[in-house]
Amino acid sequence: MATHAPLVTISIPAYNLGSYLEKTLNSVFKQTYQNFEILLVDDASTDHTAEVIAKFAEQDDRIKPHFFKEHEGGL
């Protein structure tokens, strides 16, 4: 009987992380374990975070993007 690797959910909240997000995501994709999904949440960033998220979501269907219209965090 074959065993299946469990799906791992990675949650990445982002607020104005456009400069770092691509490096973060590339690091996740380079891991040896590949049965994952990424919940990538943009908290109404004012930089290019949303564009980075959209670009990666188009390239890989394991990315589940969510975009808040208003900033929900405390910063």
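About the thresholds
Residues numbered from 1 in each chain as written. Predicted model: local features only at pLDDT ≥ 70, side-chain atom pairs only at ≥ 80, totals over all residues. Heavy atoms only, no water. Helix = DSSP H or I, 4+ residues; strand = E, 2+ residues; numbered from the N terminus. Buried < 20%, exposed > 50% of the residue type's maximum accessible area, 1.4 Å probe, protein only. Contact = heavy atoms within 4.5 Å. Areas by Shrake-Rupley, 256 points an atom, 1.4 Å probe, with all protein chains shown as cover. Lys, Arg positive; Asp, Glu negative; His and termini not counted. Charge placed at Lys NZ, Arg CZ, Asp CG, Glu CD. Salt bridge = Lys/Arg side-chain N within 4 Å of Asp/Glu carboxyl O. Pairing = 2+ DSSP bridges. Axes fitted to C-alpha atoms, helices over the stretch in contact; angles between N-to-C directions.

### Overview of the overall build of the protein
(1) Moving on: Assigned secondary structure in the protein consists of 2 helices and 3 strands.
(2) Moving on: For the protein, the sequential pattern of α-helices and β-strands runs β-α-β-α-β.
(3) Moving on: Viewed in the frame of its principal axes, the protein has a C-alpha envelope of about 50 × 20 × 20 Å.
(4) Moving on: Per-residue burial for the protein yields a buried fraction of 29% across its 75 residues.
(5) Moving on: A fraction of 77% describes how many contacts in the protein between residues 6 or more apart in sequence connect residues 24 or more apart.
(6) Moving on: Taken as a whole, the protein presents about 5300 Å² of accessible surface, with 56% of it coming from carbon and sulfur.
(7) Moving on: The averaged location of the 11 negative side-chain charges in the protein is 9 Å from the averaged location of its 6 positive side-chain charges.

### Some points on the pattern of salt bridges
(1) Moving on: Throughout the structure, instances matching the rule amount to 2 salt bridges.
(2) Moving on: For Lys-55, the salt bridge goes to Glu-22, with nearest N and O atoms at 3.5 Å. One end of the pair, Lys-55, is in helix H2 (residues 49-59); the other, Glu-22, is in helix H1 (residues 18-29), and 33 residues separate them in sequence.
(3) Moving on: For Lys-55, a relative accessible area of 35% translates into the label partly exposed.
(4) Moving on: Between Asp-60 and Arg-62 there is a salt bridge whose closest N-O contact spans 2.8 Å.

### Some points on the sheet that holds strand E3 (residues 63-67)
(1) Moving on: Judged by pairing direction, the sheet is parallel, and its 3 strands sit side by side in the order E1-E2-E3 without closing on themselves. The sheet is open, and its two borders are formed by strand E1 (8-14) and E3, each paired with just one other strand. With direction set aside, neighbouring strand axes in the sheet form an average angle of 15°.
(2) Moving on: By the bridge criterion, 7 bridges tie E1 to strand E2 (residues 36-42) in an arrangement that is parallel. Looking at E2, one finds that Ile-12 is bridged to Leu-40.
(3) Moving on: The strands touched by H1 are E1, E2 and E3; relative to E2, the strand with the most contacts, the crossing angle is about 170°.

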